[in-house]
Structure formats: C-alpha cells, structure tokens
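# Commentary on secondary and tertiary structure
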Amino acid sequence: MEKTQQENFRNRRANFARRTVDTHAAFFLPHLRPGMALLDLGCGPGSITVGLAGAVAPGPTTGIDLDPGLPDGEHDITLVTGDVHELPFPDASFDAIFASALLQHVPDPLAVLREARRVARPGAVIGVGDADWDGELLYPKGPVIERSYDVMRKLRSNSDPYVGKRLRSLLAEAGFERCEGYARVGHHGTAEEVAGIGTFTASTLGYPATVEKAVAEGWATAGEMAEFQEAWRAWSADPGAFVARFWCEAVGWAPAG
C-alpha cells in the first residue's frame, strides 16, 4: 500500500510539474514588472513559480503551499509551508499575487481571496486561473468512466470543481476592482497528452485515502474503484482518445488607496 501511495503521489506531482508560466500564467505576465514583490498561492512543485520569479526579478518571490517545492536548480525564491486560508504575512506585503488550480481544491475560495486582498498592497494585481467541470468534451466515454465522474464529484463535495466561471465574481466580492474574466479551451489529443490525463486520473482514483473515503461513504466498492482506474488507463491507450476542457482566468486590482 505504501509503495502504491508513493507512486500515485509521484504521478500527481509530475502532472503538476509540467505546468509552466507560459502554459498557465501567460495571461498574468503582462501585468508584472521587475521589482514587484510576488506571492504564489498554492505553488505546488514551483514549476510556474520560477517563471513568475523571473518576470519580477530582482523583486522577491514567495511561494506558499501545504507541500511547497521547486524544480532542480538555483532559485532565489522563498518557500513557506502554510494554509492559504490563514496567510502568515503582514497586511499589504505584496505587489502581485497569483493562484493556479488552487481555488477548486479549497472549501472556501472567497476566504482565500479575502486573505489575498489583506496581504495585497494598494494597487496590487492578482491573477487566478482554474478549471470548470461544466465545460468538457471527452471521447470515448463509456458507462464506467461516467460512473467514475459521479464518484469524483462526490469526493469533491468539500471543494468546487466548477469554480472557474466564478473567478471574476469572487475577486470582486473579495474587494478587488476592475476585475476581468477570460476563458480558453485546453485540448489533449496526442498519445502523450492523453496518456498523461489518463495516468493522472487513474492515480487520483487509486490514492489510498481516496479509495478509503469512497468505500466508507458507500459511493463505490474497492473493486469498482479499481475498475475506474483500469477504465482510465484503457482510455489513455485508445488511439482516438480526446479531451477538451475549459480553463478560466481572471485578474483584478486592489484599490489604489
């Protein structure tokens, strides 16, 4: 079990580490300038953080996460282990704040953005990007994969995988102004791309804590959870497999004074 857990964690981490400033923060780069103090909320393995740091250097960059990390190499970035609901920073500490694929995983996205507003300096810019499960095209999609989605939705009952469409509204409610929202479609239609999606989804469904919760809640049996994993692995090997998903983004500014 321990070996399987470690393998699933590595698969998930490897998927996040493929994300870069160009793939997930291009919308935010035009608002950055050298000398800014930048905070990356939910920085994960830091693959986006290093690109953001390059855009604001020589300004300081800080990444916070429950399990923060950085790619191999020399990086002048401060990592903080902490909860984004209670940021361990003084008021008005940062000129730029960023969060990618964070809000879909937290129980209270608005509370996180209100904390971001607290640590934002007057005139600071914030950029957030996240998924929205309402927009997806997937082929092929048989009954086992359909059933796996039902379980995955229940597993996310304490978070919001449909948060993407709300990003602009959440920023405004948190106290940011001049908020703008955008959307784009991410598509995966090569053997390597669909293999990554299928492996990541299978590993998520195979994570021991995930299986235990689904079984304990009566959402699926252990056998069904194993069947879900096999279905996603088979999907990733299908020569015609394709998926397209909405990715939503928003920017806003703290009031200037």
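We now turn to the structure provided with this report. The residue numbering used here restarts from 1 in each chain and proceeds along that chain's sequence as written. Whole-chain, interface and lining totals are the exception, using all residues; otherwise, since this is a predicted model, local features are given only for residues with pLDDT of at least 70 and side-chain atom pairs are given and counted only at 80 or more. Hydrogen atoms and water are omitted, and side-chain values are computed over all heavy atoms in the structure.

Looking only at helices and strands, one finds nine helices and seven strands in the protein chain. Only C-alpha atoms enter the radius of gyration, while the globule expectation follows 2.2 Å times N to the 0.38, with N the number of residues. Relative to a compact globule of 257 residues, whose C-alpha radius of gyration would be 18 Å, the protein chain shows 19 Å and is just as compact. Once the C-alpha set of the protein chain is aligned to its principal axes, its extents read approximately 55 × 40 × 35 Å. The buried share of the protein chain, reckoned over its 257 residues, is 48%. Where helices and strands are cited, they refer to DSSP runs of H or I of at least four residues and of E of at least two residues respectively, numbered from the N terminus. A simple rule labels every residue: compare its accessible area, found with a 1.4 Å probe on the protein chains alone, to the largest value its type can have, and call it buried under 20%, exposed over 50%, or partly exposed in between.

A few words on unusual backbone geometry. Residues A57 and P58 are joined by a peptide bond in cis, for which omega reads 10 degrees. Of note, P58 is situated in the loop between α3 (49–56) and β2 (61–65). Cis geometry is found at the peptide bond from Y139 to P140, where omega equals -10 degrees. Relative to the assigned elements, P140 resides in the loop between β5 (120–139) and α5 (143–155). In the Ramachandran plot, A92 falls in the positive-phi region, its phi being about 55 degrees despite a non-glycine side chain. Tracing the backbone shows A92 in the loop between β3 (77–81) and β4 (94–100). Looking at A92, the relative accessible area reads 36%, which means it is partly exposed. Of note in the backbone geometry, R178 takes a positive phi value of approximately 50 degrees without being a glycine. Checked against the element boundaries, R178 lands in strand β6 (residues 177–188). For R178, a relative accessible area of 54% puts it in the exposed group.

A few words on the sheet that holds β6. Within a sheet, adjacent strands bond to each other through the backbone by hydrogen bonds, running parallel or antiparallel. DSSP bridges decide pairing: two strands pair if at least two such bridges lie between them. Ordered by their spatial adjacency, seven strands build an open sheet running β3-β2-β1-β4-β5-β7-β6, and the pairing between neighbours is mixed. The sheet terminates laterally at β3 and β6, the two strands that pair on one side only. Averaged over neighbouring strand pairs, the angle between their axes works out to 15 degrees when direction is ignored. Pairing of β5 with strand β7 (residues 242–253), which is carried by 11 bridges, proceeds in the antiparallel orientation. Bridged to L137 within β7 is A244. On the sheet, α3 packs against β1 (38–41), β2, β3 and β4 and is oriented at approximately 165 degrees with respect to β1. Here helix α4 (residues 109–119) sits on the sheet in contact with β1, β4 and β5, set at roughly 155 degrees to β5. Working convention: axes come from line fits to C-alpha atoms, limited for helices to the stretch in contact. Angles between N-to-C directions cover 0 to 180 degrees. Here a residue-residue contact requires only that any non-hydrogen atoms of the pair lie within 4.5 Å.

We now examine the environment of A26. Structurally, A26 is set in the loop between α2 (21–24) and β1. On the basis of relative accessible area, A26 is assigned to the partly exposed category, the value being 43%. With 161 residues separating them in the primary sequence, A26 and H187 have C-alpha atoms 17 Å apart.

Okay, the pattern of salt bridges next. Just to be clear on terms, a salt bridge is a Lys or Arg side-chain nitrogen sitting within 4 Å of an Asp or Glu carboxyl oxygen. All told, the structure shown has 13 salt bridges when counted by the stated rule. Salt-bridge contacts for K154 lead to D150; the nearest nitrogen and oxygen are separated by 3.4 Å. Taken together, the residues span about one helical turn, with K154 and D150 both in helix α5 at a distance of four residues. Notably, a salt bridge pairs R233 with E230, separated by 2.7 Å at the nearest N-O pair.

This paragraph deals with the side chain of T49. Structurally, T49 can be placed in helix α3. Within the structure, T49 has its side chain in polar contact with the side chain of D40 (distance 2.6 Å). With near-sequence residues (within four places) excluded, T49 lies in contact with D40, C43, T61 and I77. Polar contacts here mean pairs of N or O atoms no more than 3.5 Å apart (in protein, one a potential hydrogen donor and the other a potential acceptor; neighbouring residues in sequence count only if both atoms are side-chain atoms).

Note that every value here comes from positions in space, so none of it alone points to a role or purpose.
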